[in-house]
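A closer look at the structure
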Amino acid sequence: MNSVDPFRLVVTGGGTGGHTYPALTAVRTLQARLAGEGRALETLWIGTADGLEARVAPAEGIAFTSVVTGKIRRSRNPLKLASPANVKDMARVPLGVVQARKAIDEFRPDVVLATGGYVAVPAGLAARLCRRPLVLHEQTVRLGLANRKLAGSASRICVSSESTLQLLSESARQVAVVTGNPVRPEVLAGDQDRAVQALQLWGFNRELPTVYVTGGAQGSQQINELVAEVLPWLLQGANLIHQCGPANVEELRARVARLPADLAGRYYLAGFVGPELPDVLALADVVVSRSGAGTLAELTALGKPAVFVPLASAAGNEQALNARHLQEAGAAVALEGAVPPERLRDALGPLLADADLRWGMAERARAYGRPDAADRLVDEILAAAAGKPVTGEAGRSGVTSLPR
(Lines give C-alpha, C1' and ligand atoms only; values in the text may rest on other atoms or scores of the structure.)
Protein backbone atom coordinates (compact mmCIF):
# COMPACT_ATOMS: atom_id res chain seq x y z
CA MET A 1 0.00 0.00 0.00
CA ASN A 2 1.52 3.38 -0.92
CA SER A 3 1.02 6.70 0.85
CA VAL A 4 -1.88 7.83 -1.33
CA ASP A 5 -3.94 4.66 -1.03
CA PRO A 6 -7.25 5.32 0.75
CA PHE A 7 -8.04 3.69 4.06
CA ARG A 8 -10.95 1.31 3.52
CA LEU A 9 -13.49 0.77 6.27
CA VAL A 10 -16.54 -1.44 6.43
CA VAL A 11 -19.10 -0.37 9.02
CA THR A 12 -21.88 -2.67 10.15
CA GLY A 13 -24.53 -2.14 12.76
CA GLY A 14 -27.72 -0.21 13.12
CA GLY A 15 -31.43 -0.68 13.36
CA THR A 16 -31.63 2.10 15.95
CA GLY A 17 -29.89 5.40 16.57
CA GLY A 18 -28.01 3.90 19.51
CA HIS A 19 -26.07 1.66 17.12
CA THR A 20 -26.08 3.93 14.06
CA TYR A 21 -24.93 7.33 15.34
CA PRO A 22 -21.81 6.14 17.22
CA ALA A 23 -20.72 4.45 13.98
CA LEU A 24 -21.40 7.59 11.98
CA THR A 25 -19.45 9.72 14.47
CA ALA A 26 -16.52 7.29 14.25
CA VAL A 27 -16.57 7.52 10.44
CA ARG A 28 -16.56 11.32 10.53
CA THR A 29 -13.72 11.36 13.07
CA LEU A 30 -11.64 8.85 11.13
CA GLN A 31 -12.18 10.83 7.93
CA ALA A 32 -10.91 14.00 9.63
CA ARG A 33 -7.91 12.18 11.11
CA LEU A 34 -6.93 10.73 7.75
CA ALA A 35 -7.44 14.05 5.95
CA GLY A 36 -4.89 15.56 8.32
CA GLU A 37 -2.42 12.98 6.96
CA GLY A 38 -3.34 13.72 3.36
CA ARG A 39 -5.21 10.47 2.97
CA ALA A 40 -8.76 9.60 1.94
CA LEU A 41 -11.31 7.32 3.57
CA GLU A 42 -13.53 4.96 1.61
CA THR A 43 -16.41 3.50 3.61
CA LEU A 44 -18.96 0.81 2.92
CA TRP A 45 -21.86 0.41 5.34
CA ILE A 46 -23.45 -3.04 5.54
CA GLY A 47 -26.93 -2.88 7.04
CA THR A 48 -30.53 -3.90 6.56
CA ALA A 49 -32.79 -2.38 3.93
CA ASP A 50 -35.31 -1.18 6.51
CA GLY A 51 -32.94 -0.08 9.30
CA LEU A 52 -32.14 3.53 10.22
CA GLU A 53 -28.67 3.04 8.74
CA ALA A 54 -30.23 2.61 5.27
CA ARG A 55 -31.31 6.26 5.45
CA VAL A 56 -28.40 7.72 7.40
CA ALA A 57 -25.51 6.27 5.37
CA PRO A 58 -26.62 7.50 1.90
CA ALA A 59 -27.53 10.89 3.38
CA GLU A 60 -23.93 11.16 4.59
CA GLY A 61 -22.52 10.12 1.22
CA ILE A 62 -21.51 6.67 2.48
CA ALA A 63 -21.86 3.70 0.14
CA PHE A 64 -24.47 1.27 1.48
CA THR A 65 -25.34 -2.33 0.80
CA SER A 66 -28.02 -4.39 2.50
CA VAL A 67 -27.97 -8.01 3.66
CA VAL A 68 -30.66 -10.21 5.13
CA THR A 69 -30.47 -11.16 8.77
CA GLY A 70 -32.66 -12.31 11.63
CA LYS A 71 -33.72 -10.70 14.86
CA ILE A 72 -33.58 -12.95 17.92
CA ARG A 73 -36.55 -12.40 20.20
CA ARG A 74 -35.29 -12.71 23.75
CA SER A 75 -37.02 -14.67 26.46
CA ARG A 76 -36.12 -15.99 29.89
CA ASN A 77 -37.87 -19.19 28.90
CA PRO A 78 -35.44 -21.31 26.80
CA LEU A 79 -38.36 -23.00 25.06
CA LYS A 80 -39.60 -19.67 23.76
CA LEU A 81 -36.19 -18.99 22.22
CA ALA A 82 -37.01 -21.85 19.84
CA SER A 83 -40.19 -20.10 18.67
CA PRO A 84 -41.10 -20.40 14.98
CA ALA A 85 -40.26 -16.72 14.45
CA ASN A 86 -36.78 -17.15 15.97
CA VAL A 87 -36.11 -20.33 14.03
CA LYS A 88 -37.15 -18.64 10.79
CA ASP A 89 -34.99 -15.60 11.47
CA MET A 90 -31.95 -17.61 12.52
CA ALA A 91 -32.21 -19.53 9.26
CA ARG A 92 -31.74 -16.21 7.42
CA VAL A 93 -28.36 -15.48 9.03
CA PRO A 94 -26.31 -17.88 6.84
CA LEU A 95 -27.61 -16.16 3.70
CA GLY A 96 -26.69 -12.81 5.25
CA VAL A 97 -23.17 -14.11 5.94
CA VAL A 98 -22.81 -15.15 2.28
CA GLN A 99 -24.00 -11.73 1.11
CA ALA A 100 -21.74 -9.88 3.56
CA ARG A 101 -18.76 -12.04 2.65
CA LYS A 102 -19.19 -11.18 -1.02
CA ALA A 103 -19.36 -7.46 -0.18
CA ILE A 104 -16.26 -7.61 2.04
CA ASP A 105 -14.30 -9.70 -0.45
CA GLU A 106 -15.01 -7.13 -3.17
CA PHE A 107 -14.41 -4.03 -1.00
CA ARG A 108 -11.26 -5.41 0.72
CA PRO A 109 -11.41 -3.23 3.86
CA ASP A 110 -8.51 -2.56 6.21
CA VAL A 111 -10.91 -2.97 9.15
CA VAL A 112 -14.53 -3.94 9.82
CA LEU A 113 -16.21 -1.92 12.58
CA ALA A 114 -19.35 -3.44 14.15
CA THR A 115 -21.46 -1.34 16.50
CA GLY A 116 -24.18 -3.84 17.38
CA GLY A 117 -27.71 -4.59 16.34
CA TYR A 118 -28.68 -7.89 14.78
CA VAL A 119 -27.39 -6.85 11.32
CA ALA A 120 -23.85 -6.82 12.74
CA VAL A 121 -23.84 -10.61 13.15
CA PRO A 122 -23.62 -11.73 9.49
CA ALA A 123 -21.14 -8.98 8.57
CA GLY A 124 -19.04 -9.66 11.68
CA LEU A 125 -18.90 -13.37 10.90
CA ALA A 126 -18.03 -12.57 7.30
CA ALA A 127 -15.12 -10.41 8.49
CA ARG A 128 -13.66 -13.46 10.20
CA LEU A 129 -14.12 -15.61 7.10
CA CYS A 130 -12.42 -12.92 5.02
CA ARG A 131 -9.58 -12.59 7.56
CA ARG A 132 -10.21 -8.90 8.11
CA PRO A 133 -9.63 -7.27 11.53
CA LEU A 134 -12.94 -6.91 13.38
CA VAL A 135 -13.37 -4.07 15.89
CA LEU A 136 -16.49 -4.24 18.05
CA HIS A 137 -17.96 -1.25 19.81
CA GLU A 138 -20.41 -1.68 22.70
CA GLN A 139 -22.49 1.28 23.84
CA THR A 140 -24.10 -0.19 26.96
CA VAL A 141 -22.71 -1.48 30.26
CA ARG A 142 -23.29 -5.11 29.27
CA LEU A 143 -22.40 -6.54 25.86
CA GLY A 144 -25.42 -6.73 23.60
CA LEU A 145 -26.47 -10.01 22.05
CA ALA A 146 -24.80 -9.33 18.67
CA ASN A 147 -21.49 -8.34 20.23
CA ARG A 148 -21.55 -11.37 22.52
CA LYS A 149 -21.90 -13.60 19.45
CA LEU A 150 -19.00 -11.82 17.72
CA ALA A 151 -16.64 -11.39 20.68
CA GLY A 152 -14.62 -14.50 19.84
CA SER A 153 -13.90 -13.16 16.35
CA ALA A 154 -12.86 -9.64 17.40
CA SER A 155 -9.34 -8.27 17.40
CA ARG A 156 -10.60 -5.47 19.66
CA ILE A 157 -13.69 -4.99 21.82
CA CYS A 158 -14.16 -1.29 22.52
CA VAL A 159 -16.45 -0.65 25.47
CA SER A 160 -18.03 2.50 26.86
CA SER A 161 -17.57 1.89 30.58
CA GLU A 162 -14.90 0.53 32.90
CA SER A 163 -17.71 -1.45 34.55
CA THR A 164 -18.08 -3.55 31.40
CA LEU A 165 -14.63 -5.11 31.82
CA GLN A 166 -15.59 -7.18 34.85
CA LEU A 167 -18.59 -8.56 32.96
CA LEU A 168 -16.47 -9.95 30.13
CA SER A 169 -15.03 -13.43 29.82
CA GLU A 170 -11.30 -13.75 30.42
CA SER A 171 -10.59 -14.14 26.70
CA ALA A 172 -12.73 -11.10 25.79
CA ARG A 173 -11.04 -9.01 28.48
CA GLN A 174 -7.68 -9.64 26.80
CA VAL A 175 -8.78 -7.65 23.74
CA ALA A 176 -11.03 -5.11 25.50
CA VAL A 177 -10.33 -1.39 25.55
CA VAL A 178 -12.36 1.34 27.28
CA THR A 179 -12.96 4.05 24.68
CA GLY A 180 -16.29 5.49 25.74
CA ASN A 181 -19.30 5.95 23.48
CA PRO A 182 -18.74 8.45 20.62
CA VAL A 183 -20.67 11.67 21.00
CA ARG A 184 -21.48 13.89 18.03
CA PRO A 185 -19.13 16.93 18.17
CA GLU A 186 -22.01 19.34 17.66
CA VAL A 187 -23.60 18.16 20.92
CA LEU A 188 -20.55 19.44 22.79
CA ALA A 189 -20.65 22.86 21.15
CA GLY A 190 -24.00 24.18 22.40
CA ASP A 191 -24.63 27.74 23.55
CA GLN A 192 -27.38 28.57 26.04
CA ASP A 193 -27.98 32.08 24.71
CA ARG A 194 -28.53 30.63 21.23
CA ALA A 195 -31.22 28.38 22.72
CA VAL A 196 -33.04 31.38 24.18
CA GLN A 197 -32.89 33.18 20.84
CA ALA A 198 -33.77 30.20 18.63
CA LEU A 199 -36.72 29.05 20.76
CA GLN A 200 -37.74 32.60 21.76
CA LEU A 201 -37.77 31.76 25.45
CA TRP A 202 -38.55 35.33 26.45
CA GLY A 203 -40.74 34.27 29.38
CA PHE A 204 -37.97 32.24 31.03
CA ASN A 205 -36.60 33.48 34.33
CA ARG A 206 -32.85 33.01 33.98
CA GLU A 207 -32.43 33.17 37.75
CA LEU A 208 -34.31 29.86 37.99
CA PRO A 209 -32.86 26.50 36.91
CA THR A 210 -33.98 25.11 33.55
CA VAL A 211 -35.19 21.52 33.20
CA TYR A 212 -35.10 19.73 29.86
CA VAL A 213 -37.52 16.81 29.57
CA THR A 214 -37.25 14.39 26.68
CA GLY A 215 -38.54 10.94 25.83
CA GLY A 216 -36.59 10.64 22.59
CA ALA A 217 -37.70 11.47 19.07
CA GLN A 218 -41.15 9.90 19.48
CA GLY A 219 -41.61 11.06 23.06
CA SER A 220 -42.48 8.94 26.06
CA GLN A 221 -46.06 8.59 27.24
CA GLN A 222 -44.85 7.64 30.72
CA ILE A 223 -42.60 10.68 31.08
CA ASN A 224 -45.19 13.01 29.54
CA GLU A 225 -47.83 11.89 32.03
CA LEU A 226 -45.46 12.27 34.96
CA VAL A 227 -44.51 15.80 33.95
CA ALA A 228 -48.12 16.77 33.31
CA GLU A 229 -49.04 15.69 36.85
CA VAL A 230 -46.36 17.86 38.47
CA LEU A 231 -46.43 20.72 35.97
CA PRO A 232 -47.73 23.62 38.13
CA TRP A 233 -45.39 22.64 40.98
CA LEU A 234 -42.43 22.31 38.64
CA LEU A 235 -42.95 25.69 36.96
CA GLN A 236 -43.04 27.49 40.29
CA GLY A 237 -39.34 26.73 40.75
CA ALA A 238 -37.98 26.17 37.25
CA ASN A 239 -38.17 26.87 33.54
CA LEU A 240 -39.14 23.86 31.46
CA ILE A 241 -38.32 22.76 27.92
CA HIS A 242 -40.42 19.69 27.16
CA GLN A 243 -39.82 17.59 24.05
CA CYS A 244 -42.93 15.43 24.15
CA GLY A 245 -43.08 13.69 20.74
CA PRO A 246 -45.20 14.87 17.78
CA ALA A 247 -48.24 12.78 18.73
CA ASN A 248 -48.56 14.30 22.21
CA VAL A 249 -48.37 18.04 21.56
CA GLU A 250 -52.08 18.88 21.40
CA GLU A 251 -53.00 17.11 24.63
CA LEU A 252 -50.26 18.88 26.56
CA ARG A 253 -51.09 22.25 25.01
CA ALA A 254 -54.57 21.93 26.50
CA ARG A 255 -52.96 21.68 29.95
CA VAL A 256 -50.76 24.70 29.27
CA ALA A 257 -53.87 26.75 28.43
CA ARG A 258 -55.05 26.26 32.00
CA LEU A 259 -51.81 27.54 33.57
CA PRO A 260 -51.41 31.09 34.94
CA ALA A 261 -49.68 33.35 32.41
CA ASP A 262 -46.46 33.69 34.40
CA LEU A 263 -46.07 29.90 34.69
CA ALA A 264 -47.03 29.31 31.05
CA GLY A 265 -44.28 31.71 30.01
CA ARG A 266 -41.71 29.41 31.61
CA TYR A 267 -42.90 26.35 29.68
CA TYR A 268 -41.69 25.61 26.16
CA LEU A 269 -43.41 22.62 24.55
CA ALA A 270 -42.15 20.98 21.36
CA GLY A 271 -42.97 17.78 19.55
CA PHE A 272 -39.37 17.47 18.42
CA VAL A 273 -36.13 19.29 19.14
CA GLY A 274 -33.81 19.17 16.13
CA PRO A 275 -30.74 21.28 15.35
CA GLU A 276 -31.32 23.29 18.54
CA LEU A 277 -30.60 20.27 20.76
CA PRO A 278 -26.96 21.15 21.58
CA ASP A 279 -28.05 24.64 22.64
CA VAL A 280 -30.96 23.26 24.68
CA LEU A 281 -28.59 20.91 26.49
CA ALA A 282 -26.23 23.81 27.18
CA LEU A 283 -29.11 25.75 28.75
CA ALA A 284 -30.42 22.83 30.82
CA ASP A 285 -29.45 22.58 34.50
CA VAL A 286 -31.24 19.23 34.94
CA VAL A 287 -32.38 16.66 32.36
CA VAL A 288 -35.27 14.21 32.75
CA SER A 289 -35.08 11.43 30.18
CA ARG A 290 -34.84 7.77 29.29
CA SER A 291 -31.44 6.21 29.86
CA GLY A 292 -30.32 4.84 26.52
CA ALA A 293 -26.59 4.55 25.91
CA GLY A 294 -26.42 7.55 23.59
CA THR A 295 -28.23 9.77 26.08
CA LEU A 296 -25.86 8.73 28.87
CA ALA A 297 -22.83 9.40 26.68
CA GLU A 298 -24.04 12.91 25.85
CA LEU A 299 -25.12 13.88 29.36
CA THR A 300 -21.96 12.61 31.04
CA ALA A 301 -19.72 14.24 28.42
CA LEU A 302 -21.53 17.52 29.15
CA GLY A 303 -21.68 16.93 32.91
CA LYS A 304 -25.45 17.28 33.29
CA PRO A 305 -27.41 16.22 36.41
CA ALA A 306 -30.12 13.81 35.31
CA VAL A 307 -33.24 12.06 36.53
CA PHE A 308 -33.62 8.89 34.48
CA VAL A 309 -36.87 7.00 33.88
CA PRO A 310 -35.59 3.83 32.17
CA LEU A 311 -37.61 2.18 29.44
CA ALA A 312 -38.75 -1.06 31.04
CA SER A 313 -38.99 -2.91 27.72
CA ALA A 314 -35.42 -2.10 26.60
CA ALA A 315 -33.52 -5.15 25.35
CA GLY A 316 -31.70 -6.93 28.16
CA ASN A 317 -33.02 -4.34 30.65
CA GLU A 318 -30.09 -2.22 29.48
CA GLN A 319 -31.65 1.16 30.27
CA ALA A 320 -32.21 0.22 33.90
CA LEU A 321 -28.63 -1.06 34.14
CA ASN A 322 -27.32 2.17 32.61
CA ALA A 323 -29.32 4.37 35.00
CA ARG A 324 -28.46 2.28 38.04
CA HIS A 325 -24.78 2.45 37.18
CA LEU A 326 -24.78 6.27 37.32
CA GLN A 327 -27.04 6.45 40.35
CA GLU A 328 -24.64 4.26 42.32
CA ALA A 329 -21.90 6.77 41.49
CA GLY A 330 -24.04 9.70 42.65
CA ALA A 331 -24.10 11.00 39.07
CA ALA A 332 -27.86 10.69 38.45
CA VAL A 333 -31.17 9.62 39.97
CA ALA A 334 -32.82 6.47 38.61
CA LEU A 335 -36.60 6.04 38.85
CA GLU A 336 -37.25 2.41 37.99
CA GLY A 337 -40.47 0.41 37.82
CA ALA A 338 -43.82 2.06 38.42
CA VAL A 339 -43.15 5.76 38.97
CA PRO A 340 -45.91 7.82 40.61
CA PRO A 341 -45.70 11.62 40.22
CA GLU A 342 -44.54 11.96 43.83
CA ARG A 343 -41.31 10.12 43.04
CA LEU A 344 -40.48 12.50 40.22
CA ARG A 345 -41.24 15.47 42.47
CA ASP A 346 -39.07 14.04 45.26
CA ALA A 347 -36.20 13.49 42.81
CA LEU A 348 -36.37 16.92 41.20
CA GLY A 349 -37.17 19.00 44.29
CA PRO A 350 -33.74 18.89 45.97
CA LEU A 351 -31.92 19.42 42.66
CA LEU A 352 -33.97 22.48 41.79
CA ALA A 353 -33.59 23.97 45.26
CA ASP A 354 -29.84 23.45 45.71
CA ALA A 355 -27.32 24.66 43.12
CA ASP A 356 -24.47 23.01 45.05
CA LEU A 357 -26.25 19.65 44.85
CA ARG A 358 -26.61 20.10 41.09
CA TRP A 359 -22.96 21.05 40.81
CA GLY A 360 -21.82 17.96 42.72
CA MET A 361 -23.93 15.64 40.61
CA ALA A 362 -22.69 17.37 37.45
CA GLU A 363 -19.06 16.83 38.46
CA ARG A 364 -19.64 13.16 39.19
CA ALA A 365 -21.43 12.75 35.83
CA ARG A 366 -18.55 14.51 34.07
CA ALA A 367 -16.10 12.08 35.67
CA TYR A 368 -17.86 9.31 33.73
CA GLY A 369 -18.02 11.29 30.51
CA ARG A 370 -15.66 10.67 27.61
CA PRO A 371 -15.95 13.56 25.17
CA ASP A 372 -12.90 12.15 23.33
CA ALA A 373 -14.54 8.73 22.83
CA ALA A 374 -14.66 9.03 19.03
CA ASP A 375 -10.93 9.76 18.89
CA ARG A 376 -10.21 6.81 21.19
CA LEU A 377 -12.27 4.50 18.99
CA VAL A 378 -10.45 5.75 15.89
CA ASP A 379 -7.15 5.03 17.66
CA GLU A 380 -8.25 1.40 18.01
CA ILE A 381 -9.47 1.14 14.41
CA LEU A 382 -6.08 2.34 13.16
CA ALA A 383 -4.19 0.10 15.57
CA ALA A 384 -6.21 -2.93 14.44
CA ALA A 385 -5.49 -2.12 10.80
CA ALA A 386 -1.78 -1.91 11.63
CA GLY A 387 -1.91 -5.27 13.38
CA LYS A 388 -0.89 -3.81 16.73
CA PRO A 389 -1.74 -5.90 19.80
CA VAL A 390 -4.03 -4.62 22.53
CA THR A 391 -2.08 -3.43 25.56
CA GLY A 392 -3.02 -2.06 28.95
CA GLU A 393 -2.45 1.42 27.62
CA ALA A 394 -4.49 0.89 24.46
CA GLY A 395 -7.01 3.63 23.88
CA ARG A 396 -5.21 5.94 26.33
CA SER A 397 -1.93 6.74 24.64
CA GLY A 398 -3.51 7.11 21.20
CA VAL A 399 -2.20 6.28 17.75
CA THR A 400 -0.39 9.09 15.99
CA SER A 401 0.84 7.37 12.84
CA LEU A 402 -1.41 5.79 10.27
CA PRO A 403 -0.90 2.34 8.76
CA ARG A 404 0.40 2.54 5.19
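Residues numbered from 1 in each chain as written. Predicted model: local features only at pLDDT ≥ 70, side-chain atom pairs only at ≥ 80, totals over all residues. Heavy atoms only, no water.

A short note on the overall build of the protein chain
The line we're drawing: Helix and strand assignments come from DSSP, with helices taken as H or I runs of at least 4 residues and strands as E runs of at least 2, each series counted from the N terminus. A simple rule labels every residue: compare its accessible area, found with a 1.4 Å probe on the protein chains alone, to the largest value its type can have, and call it buried under 20%, exposed over 50%, or partly exposed in between. By definition, residues are in contact when any of their heavy atoms lie within 4.5 Å. Note on areas: these come from Shrake-Rupley sampling with a 1.4 Å probe, and a residue is covered only by the protein chains present in the view.
Along its length, the protein chain carries 19 helices and 13 strands. Residues counted as buried form 52% of the 404 residues belonging to the protein chain. In the protein chain, the proportion of contacts linking residues at least 24 apart, taken out of those at least 6 apart, comes to 67%. Surface accessibility of the protein chain: about 18,000 Å² in total, with carbon and sulfur atoms responsible for 51%.

Structural notes on the packing of aromatic side chains
Centre distance and the angle of the planes are the two values used to describe a pair of aromatic rings. Our working rule: What counts as a ring pair is set by centres within 6.5 Å for rings of Phe, Tyr and Trp (its six-membered ring), and what kind of pair is set by the plane angle: stacked under 30 degrees, edge-to-face over 60, tilted for all other angles. Whether a charge sits over a ring depends on NZ of Lys or CZ of Arg being within 6 Å of the ring centre and within 35 degrees of the ring normal.
A complete count under the given rule lists zero aromatic pairs for this structure. In this arrangement the basic side chain of arginine 8 is found over the ring face of phenylalanine 107, its NZ or CZ atom lying 4.3 Å from the centre. In this arrangement the basic side chain of arginine 184 is found over the ring face of tyrosine 21, its NZ or CZ atom lying 5.9 Å from the centre.

Some points on helix α1 (residues 17-36)
In an α-helix, one turn spans 3.6 residues, which is why side chains three or four residues apart end up on the same side. What counts here: Helix span, expected: 1.5 Å multiplied by one less than the number of residues in the helix.
When the terminal C-alpha atoms of α1 are compared, their 28 Å separation across 20 residues agrees well with the 28 Å that a helix rising 1.5 Å per residue should span. Those residues of α1 that fall on the buried side of the exposure criterion are Thr20, Pro22, Ala23, Leu24, Thr25, Ala26, Val27, Thr29, Leu30 and Leu34. Along its buried surface, α1 packs onto β1 (7-12), β2 (41-47), α2 (53-59), β4 (111-114) and α19 (373-385). A positive backbone phi angle near 70 degrees is found at glycine 38, which sits one or two residues after α1.

Re the nonpolar core
Put simply, the test is: We define a nonpolar core as any set of buried Ala, Val, Leu, Ile, Met, Phe, Trp, Tyr and Cys residues linked to one another through side-chain atoms lying within 4.5 Å.
Membership of the largest hydrophobic core comes to 33 residues, with the highest contact counts inside it found for Val211, Leu240, Tyr267, Val307 and Leu344. Looking at this core, the elements that each hand over two or more residues are β8 (210-214), α11 (221-237), α12 (249-256), β10 (267-270), β11 (286-289) and α17 (341-353). Ranked by residues supplied to this core, first place goes to α11 with eight residues. Those residues in contact with valine 211 that lie beyond four places of it in its chain are Leu234, Ala238, Asn239, Leu240, Ile241, Val286, Val288 and Leu352.

Observations regarding the sheet that holds strand β9 (residues 239-243)
To keep it simple, the criterion reads: Strand pairing requires that DSSP identify at least two bridges connecting the strands. Axes, fitted as lines to C-alpha atoms, cover a helix only where it is in contact. Angles between the N-to-C directions of the axes lie from 0 to 180 degrees.
Taken together, six strands build an open sheet; the order of strands is β10-β9-β8-β11-β12-β13 and the sheet is parallel. With one partner strand each, in any of the chains shown, β10 and β13 (333-334) form the two edges of the open sheet. Along the sheet, α12 contacts β9 and β10; its crossing angle with β10, the most-contacted strand, is approximately 160 degrees.

Structural notes on the side chain of histidine 325
Selection criterion: Between N or O atoms, a polar contact is any pair within 3.5 Å; within protein, one atom must be a potential hydrogen donor and the other a potential acceptor, and residues adjacent in sequence are included only when both atoms are from side chains.
Relative to the helices and strands, histidine 325 is located in helix α16 (residues 318-328). Only 3.3 Å separates the side chain of histidine 325 from the side chain of serine 163, close enough to count as a polar contact. With residues up to four places along the chain from it excluded, the contact list for histidine 325 reads Val141, Ser161, Ser163 and Tyr368.

So, the confidence of the model for the protein chain
Quick reminder of the rule: For every residue, the predictor reports its confidence as pLDDT, a number between 0 and 100.
Across the protein chain, pLDDT averages 89, with 90% of residues at or above 70. This model gives residues 393-404 a pLDDT under 50, and the stretch forms 29 contacts once residues within four places in sequence are excluded.

A short note on the sheet that holds β4
Overall, parallel pairing links the seven strands, which are arranged β3-β2-β1-β4-β5-β6-β7 in an open sheet. Looking at which strands have only one partner, the edges of the open sheet turn out to be β3 (63-66) and β7 (176-178). Strand-to-strand twist in this sheet, taken as the mean axis angle between neighbours without regard to direction, amounts to 25 degrees. Across four bridges, the pairing between strand β5 (residues 134-138) and strand β6 (residues 156-159) is parallel. Looking at β6, one finds that leucine 136 is bridged to isoleucine 157.

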